[in-house]
Amino acid sequence: MTGSEYLNEDLKRREEKKKSKQDASVKGDKLLTISARIAEHDLASKIQNVLKWLSKSYEVRIVVTGDGAGNKAKQEDIAQRFEASIKDTGKIVQKRLRDNDLRFNILPTAGGSAVAGKKGLLDVKETTNGLNEPQAARGLHTQARSAA
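Residues numbered from 1 in each chain as written. Predicted model: local features only at pLDDT ≥ 70, side-chain atom pairs only at ≥ 80, totals over all residues. Heavy atoms only, no water.

For the protein, an unreviewed UniProt entry supplies the name Translation initiation factor 3 N-terminal domain-containing protein and the organism Anopheles melas. According to UniProt, the comment filed for the protein under the heading Sequence similarities (unreviewed entry) is "Belongs to the IF-3 family." (UniProt positions renumbered as here; feature names shortened; annotations may be inferred.)

Here's what the structure looks like:
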């Protein structure tokens, strides 16, 4: 095999690998480790992160760590909260309890990958600044008031 034949074959393999990667429904995976003693607000923000990852077609692997035997109920409660929150964008698979840890995977569903209604930081809010003109989200006013 000559060098040019080897190069052409290598280029074909790269193209096939690139095409199969683009056709895949799951981009990659994210790992999230949560303690069973997580605060309510922290759990809500972790759920929001998981929803964002699912909308971007990532598989999410979650590990809920427990410190003692009394945390199994709390671990199950956290898993149920995730299941209730992601019912539209993903589904839980492989839920298992091993070595005081509750582990489960969340796969994105085909319909949940579309991000709808996403707004940027500088998009216009629906509120007005008292002058019947829209006000930007970052506090930039469209018209300055004079002190007179």
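Once you've had a look at it, read on.
(A) Region of the structure containing the pairing of strand S1 (residues 29–35). Where S1 lies against strand S2 (residues 59–65), 7 bridges are found, and the strand directions are parallel. Of the residues in S2, the one forming a bridge with Asp29 is Glu59. In this fold, the crossover linking S1 to S2 by way of helix H2 (residues 40–55) has right-handed handedness. (Pairing = 2+ DSSP bridges. Helix = DSSP H or I, 4+ residues; strand = E, 2+ residues; numbered from the N terminus. Right-handed = clockwise from strand over helix to strand, strands pointing away.)

(B) Geometry of the sheet that holds S2. Reading across from one edge, S1-S2-S4-S3 is the order of the 4 strands in this open sheet, with mixed pairing throughout. Sheet topology places S1 and strand S3 (90–98) at the edges, where each strand pairs with a single neighbour. Strand-to-strand twist across the sheet, computed as the mean angle between neighbouring axes with direction ignored, equals 15 degrees. Strand direction decides the pairing type here: S3 and strand S4 (residues 101–108), joined by 7 bridges, are antiparallel. When the bridges of S4 are listed, Arg96 appears paired with Arg103. Sitting on the sheet, H2 is in contact with S1, S2, S3 and S4, with an inclination near 170 degrees to S1. (Axes fitted to C-alpha atoms, helices over the stretch in contact; angles between N-to-C directions. Contact = heavy atoms within 4.5 Å.)

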